[in-house]
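Listed here are the chains, written in short residue letters.
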Amino acid sequence: MRVFLGITGGSGAPYAARLLSALAAAGCDVGVCASSAGIQVLATELYGEATLPRDEVLARFTEGAEGAATVYDPTDYGSPYASGSARVGGYVICPS
């Protein structure tokens, strides 16, 4: 199943990390996209460094997903999850 995981800037990064792990363990193909605020919260709450670069935060965040996660930029309107007609099992917007 394909699932989109959108990460916003609300506090709760451990929830997003656990959700990604659970989806990967369930065999889902997960598309991940995080807002700028989401990146800052992930960096702060999970890694203790609010100024980590976006690419490093996302690499750390997805490393435990063992290839199940694909990261998309918020401005990538060509991503397979950007279309309302995309065949996706579910969309999750998770505060991070």
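The structure contained in this document is the topic of the report that follows. Computed from a predicted model, the values in this text were never measured in an experiment.

Before going further, it helps to examine helix α1 (residues 13–25). End to end, α1 covers 18 Å across 13 residues, agreeing with the expected 18 Å (1.5 Å per residue, within 8%). Buried within α1 are the following residues: Ala13, Ala16, Leu20, Leu23 and Ala24. The arc that holds the buried residues of α1, viewed along the axis, is 100 degrees, so those residues lie on one side. Residues Tyr15, Arg18 and Ala25 are exposed on α1 and point more than 90 degrees away from its buried face. Buried positions along α1 lie against β1 (2–8), β2 (29–34), α2 (36–47), α3 (54–62), β3 (69–71) and β4 (90–95). A positive backbone phi angle near 85 degrees is found at Gly27, which sits one or two residues after α1.

A pair of packed helices is captured by two measures, namely the crossing angle of their axes and the spacing between those axes. Interhelical geometry of α1 versus α2 gives an angle of 90 degrees and a closest axis separation of 9 Å. In terms of axis orientation, α1 runs roughly perpendicular to α2. Within the contact between the two elements, α1 uses Ala13, Pro14 and Ala17 and α2 uses Val41, Leu42, Glu45 and Leu46. Across the contact of α1 with α2, the residue classes tally to six nonpolar, no polar and one charged.

On the secondary structure map, Val32 appears in strand β2. Sequence separation between Val32 and Ala86 is 54 residues; the distance between their C-alpha atoms is 15 Å. Ignoring anything within four residues of it in the chain, the contact list for Val32 reads Leu5, Ile7, Leu20, Phe61, Ala69, Thr70, Val71 and Tyr72.

Let us look at the nonpolar core. If you look at the biggest cluster of nonpolar residues, it comprises 24 residues, and the most contacted ones within it are Leu5, Ile7, Leu20, Val30, Val32 and Phe61. Residue contributions to this core peak at five residues, all from α1. Among all residues touching Ile7, those that are not within four sequence positions of it are Ala16, Val32, Cys33, Ala34, Ser35, Gly38, Leu42, Phe61, Cys94 and Ser96.

Rules of the game
Residues numbered from 1 in each chain as written. Predicted model: local features only at pLDDT ≥ 70, side-chain atom pairs only at ≥ 80, totals over all residues. Heavy atoms only, no water. Helix = DSSP H or I, 4+ residues; strand = E, 2+ residues; numbered from the N terminus. Expected span 1.5 Å × (residues − 1). Buried < 20%, exposed > 50% of the residue type's maximum accessible area, 1.4 Å probe, protein only. Arc of directions from axis to C-beta. Contact = heavy atoms within 4.5 Å. Axes fitted to C-alpha atoms, helices over the stretch in contact; angles between N-to-C directions. Parallel < 35°, antiparallel > 145°, perpendicular 65-115°, else oblique. Nonpolar A, V, L, I, M, F, W, Y, C, P; charged D, E, K, R; others polar. Core = buried A, V, L, I, M, F, W, Y, C linked by side-chain atoms within 4.5 Å.

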